[in-house]
Amino acid sequence: MGLTKQYLAFQPVASFNLIASGRANVSFVTVGGVDGRFVAVAAAEKVLVWNTRLGEKVLELTRDKQEVSYVRASPDGKHLAVGYTDGVIEVFELESRKSVCTFAAHRSAISAMNYDLIGMKLVSGGLDNDVVVSDVVAQAGKCRLVGHNAPITEACFMQRYHDVVISCSKDTQIKFWNIETQSCFKTIVDHRTEVWGVVLMRNDDFLVAGSNDSQLSVYKIVENSGQEAVGELESESSSPFRCSQIGNIQRSGFGRTINLIAEGGGQILGCHGTDRKIELFYFYSVDEALARLTKRLKKLDTKAKNDQAASSSSADRQLSLTDEIKRLPAIAVPEKIKSFDLLLGSRDELRVCVTYVKNIVQMYTLNVAEKHAEPKAIHTLRQQGHPTEVRAVGFSSDNLAVASGSGESLKLWNRATQSCLRTVETGYVVSCCFVPGDRHVLVGLKTGQLLIVDIVIGEVIERIEAHAKELWSIVLTPDQRGCVTGGGDTTVKFWNFELIADPNREEGSEVKVLSLLHKNVLKLEETVLSVRLSRNSKYIAVALLDSTVKIFFLDTLKFYLSLYGHKLPVLCMDISYDSTIIVTGSADRSIKIWGMDFGDCHRSLVAHDNSVMGLQFIPKTHLFFSCGKDGRLKQWDADSFEKIITLPGHVGEAHGLAVSPNGKFVVSCGSDRTLRLFERTDEPLVLQDVQEEEREELENNTLATGDDSAVPGLPGLKLPSKKTIGSEKAAENILECLEVSKAFEQEDNKSIIPPLMFAYEATNTDDFLLSVLTRIRASDLEEALLLLPFSSVCELLERIPKLTQTRQDQTEIICKVVLFLFRIHQKPIVANQTLLPVIQDLIGKLQRAVHELRDMIGVNHHGMQMLQREAEANQGGVDLFRDATKSRRLKNQRRKRKELAKRTFVQIST
């Protein structure tokens with residue numbers, strides 16, 4: 001038996017360069033009791049919380065490989081709801097950074113989310129046209145509201161009517177839902193185009209909607225008196241309120257309304273269109289509006305006295321939108337806006353956090369109380385990432401620095417801390433390479449220029465017109481004394497490093513700077529896409545646009561071999577350290593391994609699902625990494641032609657990769673604007689185990705029972721959840737539990753516990769069943785019970801009465817299971833006579849258990865209140881169960897304000 005080759009696993013270390021992705025929104029969050037400084041943004045599959053004042057990343061919340069599509073902070077500021085593109089909502093606790101509950105609510109991406117006033121319920125809208133209301137406390141869905149014919153653009157709760165949800169959609173409709181009856185009782189069809197957002201202002205007095213035109217529609221919401229007006233519809237009279245349009249707000253911006261945001265108190269409204277302007281509107285309180293109306297009426301009366309012919313109509317003497325709304329100064333921003341959020345402080349200071357499409361976060365402030373106040377930018381997060389997609393990456397020779405080039409700049413990163421060290425404005429970078437010594441970086445631009453960048457001073461010291469078109473490839477010569485470049489002008493050029501006198505030096509200075517001396521040129525017939533040199537300084541390989549790779553002798557530049565076999569052009573390639581193997585990656589999705597001696601193809605591998613964009617050997621091995629437009633990063637063995645492992649890649653396309661000189665690190669770049677760093681570990685890999693894990697993951701991604709969760713007897717059933725792998729596994733666990741319990745009860749020897757029951761740490765069947773039910777995720781419980789056959793449902797119901805008596809501490813979950821099974825299988829259960837005594841016994845025991853639980857909670861609640869009163873009385877007015885630091889904090893704030901006031905009046909005299 002031959003020796004097996006041992007491989008070491010690579011693990012993801014970090015992803016950086018992304019400040020805020022262009023897919024999701026931004027939301028203010030509270031960290032450490034501080035408001036207005038911290039914001040939560042999406043960064044591909046992660047959620048980042050930034051301290052905008054210090055420009056530092058405070059928190060990082062991570063789930064699986066799914067992109068974040070929406071974030072929303074809870075009213076108390078302690079939790080953050082995160083919606084993903086697969087329709088799952090994860091609620092994180094900010095203090096512990098852990099997930100507290102998960103809702104599998106939608107079948108596609110989450111497009112809107114909002115909490116109710118006290119944070120007990122969460123409403124979400126998705127691209128699947130549905131609105132789902134979830135109970136955060138019970139950690140389960142409450143209802144699914146179906147009625148829209150297009151993706152949901154916004155959904156929110158009303159404050160005055162807690163059971164009413166408002167939603168708008170691209171189907172031009174605004175709907176009002178009652179979540180108790182799960183029905184729509186009112187629909188507004190005034191808009192002719194898509195409704196992109198709705199907000200409730202001033203404690204639900206106004207509803208503002210934005211569509212494709214340049215106006216915002218304003219609706220007045222008044223309580224229904226119960227008296228049916230003449231010509232009023234029956235549905236309108238049955239509604240708890242009336243909603244009628246009272247006017248429009250003319251926007252000064254261009255294009256459709258993209259975002260419509262209201263701050264938490266409902267006083268300030270913000271919106272923006274396709275231009276670079278955020279418009280703000282202030283909604284006066286009722287008293288302020290009446291005062292403005294009185295002032296306006298006085299002017300009308302004065303004008304009427306002066307001009308006898310003038311007369312004012314009754315409409316002029318009623319509250320109008322000009323009395324209710326004031327336009328605040330607009331915020332002019334420098335870039336295209338993705339999203340923004342508003343927060344009004346205690347001193348009438350409005351904070352506006354804006355995220356841009358170009359990977360920038362900016363904070364503005366505006367004093368609402370001042371008459372002629374102007375908004376000003378106070379914090380900007382820009383240096384922590386490239387504004388556009390990264391196209392090229394490279395490692396320094398000491399493995400400590402990473403260079404990345406994008407559409408306008410070159411950045412240098414610290415590999416250990418992932419912090420940005422230098423930013424140099426260059427232009428559109430398509431290739432880059434460190435110069436020996438790691439002081440300089442060679443940069444190839446899309447215009448064909450070759451730049452020499454001094455990373456110590458962070459400046460471009462020389463611009464060389466190397467090629468007439470794109471400079472696609474830069475590679476160092478094996479002797480480290482020069483470099484070779486290949487461009488779109490069908491030439492390969494050879495350069496030597498040299499030190500020349502600094503043209504900007506002062507007189508008498510002998511400072512020299514690095515430069516390049518053009519040595520030779522190789523003219524070809526097609527565009528050069530990639531160039532590589534063999535380590536033995538014998539060959540040069542050139543990938544051409546005609547899908548071939550031509551190999552020349554390096555010293556004489558005479559033709560040696562032509563590698564043909566790819567159907568589409570070769571985009572990347574590399575030569576092994578011993579100059580015996582060359583590997584090519586093509587746009588035809590394949591990787592070919594060739595011998596350098598005769599140009600024979602050893603093996604052709606179908607590597608990726610799209611074009612292969614990057615490829616590089618690990619130094620001193622025949623192992624290599626590849627990345628493609630499918631976003632995946634894979635490791636291969638060029639000797640055994642086997643795939644070793646697939647690493648978690650990018651959300652979208654991967655553009656390139658680089659392997660560190662010591663072979664311990666790999667960095668990749670992609671269309672999601674992230675740089676992903678991987679590190680080699682000491683954990684050995686077994687190929688068979690890796691292949692089995694990949695096969696299981698592929699099987700787990702497909703539901704065994706299908707995506708549809710319809711019940712034969714209930715065609716209109718719309719559960720507020722979707723079928724997942726977790727719900728299928730939970731149903732399997734319940735069936736297996738019932739089977740094992742039945743077999744255990746039939747055995748004579750009860751001392752031998754089945755292995756599965758022992759794994760759940762249960763000694764009897766009641767504890768075993770309850771352990772299985774309690775370990776099911778709350779959002780998967782209903783879907784799991786829905787998958788059970790009716791025979792298993794009957795067996796489960798027969799075990800519940802005994803379980804109710806023995807485990808009264810789990811009365812809540814037992815009631816959940818019983819009520820759901822009764823609701824779903826009502827007709828078969830009623831028709832089954834054998835279950836009748838079981839149901840009668842079950843109802844009585846459950847009622848007694850619920851009464852006992854309610855009495856126990858009531859006694860405990862009032863007992864704690866009594867203990868609190870006694871402790872406060874005994875300790876001389878000390879408040880128990882209160883935040884002792886709150887009064888101290890307020891006292892310190894008052895003291896600081898007094899000190900600041902004193903400093904203002906201090907005069908220095910000599």
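Just above, that's the structure.
Source: prediction; values computed, not measured.

Engineer: Whenever I open this one, the overall build of the protein confuses me. Can you help?
Structural biologist: A count of helical and extended segments in the protein gives 13 helices and 56 strands. Looking at the protein as a whole, 50% of its 910 residues qualify as buried. For the protein, restricting intrachain contacts to residue pairs at least 6 apart in sequence, the fraction spanning at least 24 positions comes to 48%. Accessible surface for the protein amounts to roughly 44800 Å². Of this, 50% is attributable to carbon and sulfur atoms.

Engineer: What should I look at first to understand helix α12 (residues 836-874) in this one?
Structural biologist: Side chains of residues three or four places apart in an α-helix project in the same direction, reflecting 3.6 residues per turn. Over its 39 residues, α12 runs 57 Å from end to end, which matches the ideal 57 Å to within 8%, given 1.5 Å per residue. Taken residue by residue, α12 has V838, I839, L842, G844, K845, L846, A849, Q868, A871 and E872 as its buried positions. Buried positions along α12 lie against α9 (790-806), α10 (811-824) and α11 (826-831).

Engineer: How should the sheet that holds strand β9 (residues 98-104) be read in this particular structure?
Structural biologist: Think of a sheet as strands paired side by side through backbone hydrogen bonds, with each pair either parallel or antiparallel. Strand order across the open sheet formed by 4 strands is β6-β7-β8-β9, with antiparallel pairing between neighbours. Unpaired on one side and paired on the other, β6 (68-73) and β9 mark the two borders of the sheet. With strand direction ignored, the average angle separating the axes of adjacent strands in the sheet is 20 degrees. The sheet contact formed by strand β7 (residues 79-84) and strand β8 (residues 88-93) spans 5 bridges and is antiparallel. When the bridges of β8 are listed, H79 appears paired with E93.

Engineer: Could you clarify how one ought to interpret α9 in this entry?
Structural biologist: Taking 1.5 Å as the rise per residue, α9 with 17 residues should run 24 Å; its terminal C-alpha atoms sit 25 Å apart, in good agreement. In α9, a bend of some 35 degrees at I800 exceeds every other bend along the element, and P801, a proline, comes one to four places later. Of all the residues in α9, the buried ones are S792, V793, C794, L796, L797, R799, I800, P801, L803 and T804. Those residues of α9 hidden inside the fold are in contact with α5 (725-746), α7 (765-774), α8 (781-786), α10, α11 and α12.

Engineer: Help me understand the environment of E324, please; the structure alone is not making it clear to me.
Structural biologist: Mapped onto the elements, E324 comes out in helix α3 (residues 321-324). The exposure class of E324 is buried, given its relative accessible area of 6%. For the pair E324 and V286, spaced 38 residues apart in sequence, the C-alpha to C-alpha distance is 8.0 Å. If we skip the residues at most four places from it in the chain, E324 touches R202, F206, K220, Y282, F283, Y284, A289 and L319. Within the structure, the side chain of E324 is placed 2.6 Å from the side chain of R202, a separation counted as a polar contact.

Engineer: For this particular structure, what's the right way to read the sheet that holds strand β29 (residues 376-381)?
Structural biologist: Reading across the sheet, the 4 strands line up as β26-β27-β28-β29 and stay open at both edges, with antiparallel pairing between neighbours. With one partner strand each, in any of the chains shown, β26 (337-344) and β29 form the two edges of the open sheet. Averaged over all adjacent pairs, the angle separating strand axes in this sheet is 20 degrees, with direction ignored. Where β26 and strand β27 (residues 349-356) come together, 7 bridges link them in antiparallel fashion.

Engineer: I tried to follow a nonpolar patch on the surface on my own but got confused; where do I start?
Structural biologist: A surface patch of nonpolar side chains, amounting to about 400 Å² of accessible area, comprises L117, I118, M120 and V137. By the secondary structure assignment, M120 is in the loop between β10 (110-115) and β11 (121-126).

Engineer: Would you mind going over unusual backbone geometry with me for this structure?
Structural biologist: Glycine aside, the phi torsion of most residues is negative, and most peptide linkages are trans. Backbone geometry places N129, a non-glycine residue, at a positive phi of 75 degrees. As for its placement among the helices and strands, N129 is situated in the loop between β11 and β12 (130-135). Positive phi values are uncommon outside glycine, yet Q139 reaches one of about 55 degrees. Among the secondary structure elements, Q139 is positioned in the loop between β12 and β13 (140-146). Given a relative accessible area of 31%, Q139 falls into the partly exposed group.

Engineer: Just to check I follow, could you spell out the nonpolar core for this structure?
Structural biologist: The nonpolar side chains of soluble globular proteins are, as a tendency, buried together. In terms of nonpolar packing, the biggest core is built from 42 residues, with I734, F768, L785, L796 and I814 touching the most fellow members. Secondary-structure elements contributing two or more residues to this core are α5, α7, α8, α9, α10 and α12. For this core, the leading source of residues is α10, giving 8 residues. In contact with L785, not counting residues within four places along its chain, are I734, L796, V817, F820 and L821. With 22 residues, the next largest nonpolar core counts L342, V354, Y356 and Y364 among its residues.

Engineer: Just checking my understanding: could you explain a negative patch on the surface for this structure?
Structural biologist: A cluster of acidic residues, E683, D689, E693, E696, E697 and E699, forms a negative patch at the surface. Top contributing element to the negative patch by residue count: helix α4 (residues 687-700), with 5 residues. Counting through the fold element by element, E683 comes out in strand β56 (residues 675-685). Given the relative accessible area of 43%, E683 is considered partly exposed.

Engineer: Any chance you could explain the pattern of salt bridges here in plain terms?
Structural biologist: When the charged atoms of two side chains with opposite charge come close together, those side chains can pair. Scanning all chains against the criterion turns up 30 salt bridges. One salt bridge in this structure joins R107 and D130, with 3.3 Å as the shortest N-O distance. Taken together, the positions of R107 in the loop between β9 and β10 and D130 in strand β12 put the pair 23 residues apart, joining distant regions of the chain. Here D130 falls in the buried class, since its relative accessible area comes to 5%. Note that R391 and E389 form a salt bridge whose closest N and O atoms lie 3.4 Å from each other. In this structure R391 comes out as partly exposed when scored by relative accessible area, which is 31%.

Engineer: Before we go on, may I ask you to explain the packing of α10 against α12 in this structure?
Structural biologist: The description of two helices packed together rests on the angle between their axes and the distance between the axes. Two elements in contact, α10 and α12, have axes separated by 11 Å at closest approach and are oriented at 140 degrees. With respect to each other, α10 and α12 are oriented oblique. Relative to α12, α10 is oriented so that their crossing is left-handed. Residue-level inspection shows T811, I814, C815, V818 and F822 of α10 in contact with α12, the latter providing I839, L842, L846, A849, V850 and L853. Per-class residue counts for the contact of α10 with α12 are 10 nonpolar, 1 polar and no charged.

Engineer: Honestly, the pairing of strand β39 (residues 482-487) in this entry has me stumped. Any pointers?
Structural biologist: Within a regular strand, the side chains alternate between the two sheet faces. Within β39, 6 of the 6 residues are buried, which leaves it mostly tucked inside the rest of the structure. Of the two faces of β39, the one holding G482, V484 and G486 and the one holding C483, T485 and G487 are both buried throughout. Strand direction decides the pairing type here: strand β38 (residues 471-476) and β39, joined by 5 bridges, are antiparallel. Following the sheet pairing, S473 is matched in β39 by G486. The turn joining β38 and β39, which pair antiparallel and follow one another in sequence, is formed by 5 residues; a positive phi near 60 degrees is taken by Q480.

Engineer: Would you mind showing me how to read the packing of aromatic side chains here?
Structural biologist: Each aromatic ring pair is characterised by the separation of its centres together with the angle its planes make. Within the structure shown, the criterion is met by 14 aromatic pairs. Their ring planes at 75 degrees and their centres at 5.9 Å tell us that F185 and F241 sit as a pair that is edge-to-face. Within this pair, whereas F185 is found in strand β17 (residues 183-188), its partner F241 is found in strand β21 (residues 241-250), the two being separated by 56 residues in sequence. Accessibility classification places F185 together with F241 in one group, the buried group. Taken together, the aromatic side chains of Y161, F176, F185 and F241 make up a single cluster linked through ring pairs. Positioned over the ring face of Y84 is R63, at 4.6 Å from the centre of the ring. The ring of Y428 carries K446 above its face, with NZ or CZ at 4.7 Å from the centroid.

Engineer: Hey, could you run me through the pairing of strand β31 (residues 401-405) in this one?
Structural biologist: Counting buried positions along β31 gives 5 out of 5 residues, so the element sits mostly inside the fold. The alternating pattern of β31 places A401, A403 and G405 and V402 and S404 on opposite faces, both of which are buried. By the bridge criterion, 4 bridges tie strand β30 (residues 392-395) to β31 in an arrangement that is antiparallel. Looking across to β31, one finds that A392 is bridged to G405. The hairpin formed by β30 and β31 contains 5 residues between the paired strands, and N399 there has a positive phi angle of roughly 65 degrees. Pairing between β31 and strand β32 (residues 409-414): 5 bridges, direction antiparallel.

Engineer: For this particular structure, what's the right way to read the environment of Y356?
Structural biologist: Relative to the elements of secondary structure, Y356 occurs in strand β27. Separated by 20 residues in sequence, Y356 and K336 have C-alpha atoms that sit 5.7 Å apart. Those residues within four positions of Y356 in sequence are excluded, and the remaining contacts are V333, P334, E335, K336, I337, K338, Q362 and Y364. Reaching out from Y356, the side chain makes a polar contact with the side chain of Q362 at a distance of 2.7 Å.

Quick notes on the rules
Residues numbered from 1 in each chain as written. Predicted model: local features only at pLDDT ≥ 70, side-chain atom pairs only at ≥ 80, totals over all residues. Heavy atoms only, no water. Helix = DSSP H or I, 4+ residues; strand = E, 2+ residues; numbered from the N terminus. Buried < 20%, exposed > 50% of the residue type's maximum accessible area, 1.4 Å probe, protein only. Contact = heavy atoms within 4.5 Å. Areas by Shrake-Rupley, 256 points an atom, 1.4 Å probe, with all protein chains shown as cover. Expected span 1.5 Å × (residues − 1). Pairing = 2+ DSSP bridges. Axes fitted to C-alpha atoms, helices over the stretch in contact; angles between N-to-C directions. Bend = angle between axes of the 7 residues up to and from the residue. Polar contact = N/O pair within 3.5 Å; in protein donor to acceptor, adjacent residues only side chain to side chain. Patch = residues over 30% accessible without salt bridge, like charges linked within 9 Å, V, L, I, M, F, W, Y side chains within 5 Å. Salt bridge = Lys/Arg side-chain N within 4 Å of Asp/Glu carboxyl O. Core = buried A, V, L, I, M, F, W, Y, C linked by side-chain atoms within 4.5 Å. Lys, Arg positive; Asp, Glu negative; His and termini not counted. Charge placed at Lys NZ, Arg CZ, Asp CG, Glu CD. Parallel < 35°, antiparallel > 145°, perpendicular 65-115°, else oblique. Left-handed = near helix turned anticlockwise from the far one by under 90°. Nonpolar A, V, L, I, M, F, W, Y, C, P; charged D, E, K, R; others polar. Phe/Tyr/Trp six-rings, centres within 6.5 Å; stacked < 30°, edge-to-face > 60°. Lys NZ or Arg CZ within 6 Å of the ring centre and 35° of its normal.

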